[in-house]
Amino acid sequence: MTGSQGYGSGMNGAQALLRTMADSGVNVCFANPGTSEMHFVAALDTVPELRGVLCLFEGVATGAADGYGRMTGRPAAALLHLGPGLANGLANLHNARRASTPLMAVVGDHASHHKRYDAPLESDIDALARTVSRWVRRPARTADVGADAAAAIAAALTPPGGVATLILPADVSWSEGGEPARPAAAKRPSPVADDTIRQAAAALLSGEPCVILLGGAALRRPGLEAASRLAVAGRARMLCETFPARLERGAGLPAADRLAYLAEFAAAQLAGTRHLILAGAPAPVSFFAYPGLPSSPVPDGCEVHKLADGTDDVAGALAALADLVAPDAKPTAQQPAAQAIPDGDLTAETAAGVIGALLPEGAIVCDEANTSGLWLPGSTAGAPPHDWLTLTGGAIGQGLPLATGAAVACPGRPVLALEADGSAMYTISALWTHAREQLDITTVIFSNRRYAILGMELDRVGATSGGDAARDLLDLSRPGIDFAALASGMGVPASRAATASELAAQLRRALAEPGPHLIEAAVPPPF
Ligand SMILES: Cc1ncc(C[n+]2csc(CCOP(=O)(O)OP(=O)(O)O)c2C)c(N)n1
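Residues numbered from 1 in each chain as written. Predicted model: local features only at pLDDT ≥ 70, side-chain atom pairs only at ≥ 80, totals over all residues. Heavy atoms only, no water.

### Looking at the environment of His-94
Considering the arrangement of structural elements, one finds His-94 in helix α4 (residues 82-99). Spatially, the C-alpha atoms of His-94 and Leu-454 are 21 Å apart, while their sequence positions differ by 360 residues. Sequence-distant contacts of His-94, defined by excluding residues within four places in its chain, comprise Val-132, Gly-393 and Ala-395. (Helix = DSSP H or I, 4+ residues; strand = E, 2+ residues; numbered from the N terminus. Contact = heavy atoms within 4.5 Å.)

Here's what the structure looks like:
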């Protein structure tokens, strides 16, 4: 049989699926299973190369698979229970889609003959899956499961990467006749046409103000260094997309400022630009519409050139462009900057100072600090080299799950989850998985007891009549949330810091000890 590896008979659909996944390099499954996935669960014992990681909410499983995919470039699986399980996982699948993360969602469904009875968990799984997936398939026969799984993994890996969803009917899973399949070849990024590179070169040589906007794969060292050559030669300023999936930064790497979240600030960063060259980033747009403000921060009269998108070899295109217009330029490197540990009151700014001073080499930072994160880019710029992962799709509740997946992906590296309190509460049960798997994750909760950003947005959208009732809906102080108690209740050692020096002492200790920790940093809202 095509694709069969000669395992012979005696395998059910689930066993063929797991065998295919492991053979195709899917080695981790973040799971929250139910009855329809029991054969998948049972098959884990027959395929030891596939590690199951239990998550207590589907949004944790999907966010963890996102973090894993961002750090390895390979898909993890998220195992979800029918439509409601998928629905619980959708927000973080949305973030994964925005991050272009390779990810395989496996959603169990009722047995084919059971569907027409409209049992309580019956729903339109395919429709839900399509909102976030680039590929959706439900094998109709057990013999197809292996080949469909291999196709799903290839689809997830097709540049720039995305979510592929395999919907697995219970009877297809439990029936005998499964056929494992060989890995299907995934496409590679395409080389950028010479003409496109020449057009970008002409813009850079025009003498008019140019900005090169970097995103996706351009934010790793080779892309950053090629873009830096353009900047050094005075051909363009380099900027980074607002919410990168994974940005390599710190001492020894070229520094790229991120385009601001607030449209007015982004417009100021782009003011006067005549050529905006997109290298792995989409054209920038304002996160929201505001009365009287434009949706795009790109100035009038600025020409937008697409050098490369996520399907292209963006680093190769940047290097070719640099060879054309900046042949002798060498990339710059951010100098190490030793930070003094700040003293006194704990604020978002002093907390950022502490984190900048103590950030260990090779750290993976999962940044969902929201308004408390304003000072982090500055305070960590000269820290030892690290990766910075952000909230790509704006759906909060991502940081703790993302850290879970990053830590599973990179067991030798320290992971720092920098979390705003409101966002942390969406997927707080991720802490239980941090403890269960003994992941080396230090979580810092910026406990400002508000939805602070929404207080600002209330004014910015012109909802000025907002009074006490409106402000009350953005308040998290009644009752105050005791994050240290929540964490220790889930097996994560925790503490609370009320001053900058307490934060420094607790962070030092947490980073020095293996395994998970949580520090609740009591900070006032920045505005
Ligand atoms: C899934 C999802 N639900 C709701 C929102 C709307 N929202 C945006 S920011 C925010 C509150 C953020 O508060 P917190 O995480 O505490 O950060 P802070 O603004 O205080 O820094 C909410 C509810 C969202 N972005 N995503």
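Still more ground to cover, so stick around.
### Considerations on the environment of Gly-344
With respect to the helices, strands and loops of the structure, Gly-344 is situated in the loop between α11 (314-325) and α12 (348-358). Residue classification places Gly-344 among the partly exposed residues on the basis of a relative accessible area of 37%. Distance from Gly-344 to Ser-286, taken between C-alpha atoms, is 37 Å for residues 58 residues apart in sequence. In contact with Gly-344, other than residues within four places in its own chain, are Thr-499 and Ala-500. (Buried < 20%, exposed > 50% of the residue type's maximum accessible area, 1.4 Å probe, protein only.)

### Thoughts on the site of the ligand
Not every one of the 17 residues close to the ligand is listed here, only the nearest: Thr-371, Gly-394, Gly-422, Ser-423 and Ile-453. Separating an oxygen atom of the ligand from a backbone N or O atom of Gly-422 is a distance of 2.8 Å. One nitrogen or oxygen atom from the main chain of Ala-452 is found 2.9 Å from an oxygen atom belonging to the ligand. When isolated, the ligand has an accessible area of 590 Å², and the protein chains bury 77% of it. Contributions of two or more residues to the shell around the ligand are made by α15 (421-426) and α17 (452-460). Counting residues per element, the shell around the ligand draws most heavily on α15, at four residues. Of the residues assigned to the shell around the ligand, the class counts are nine nonpolar, six polar and two charged. (Near = heavy atom within 4 Å. Polar contact = N/O pair within 3.5 Å; in protein donor to acceptor, adjacent residues only side chain to side chain. Areas by Shrake-Rupley, 256 points an atom, 1.4 Å probe, with all protein chains shown as cover. Nonpolar A, V, L, I, M, F, W, Y, C, P; charged D, E, K, R; others polar.)

### Here's the deal with a nonpolar patch on the surface
On the surface, Leu-374, Trp-375 and Phe-527 cluster together into a nonpolar patch covering about 300 Å² of accessible area. The residue Phe-527 is located in the segment after β18 (517-522) in this model. On the accessibility criterion, Phe-527 (46% relative accessible area) is partly exposed. (Patch = residues over 30% accessible without salt bridge, like charges linked within 9 Å, V, L, I, M, F, W, Y side chains within 5 Å. Salt bridge = Lys/Arg side-chain N within 4 Å of Asp/Glu carboxyl O.)

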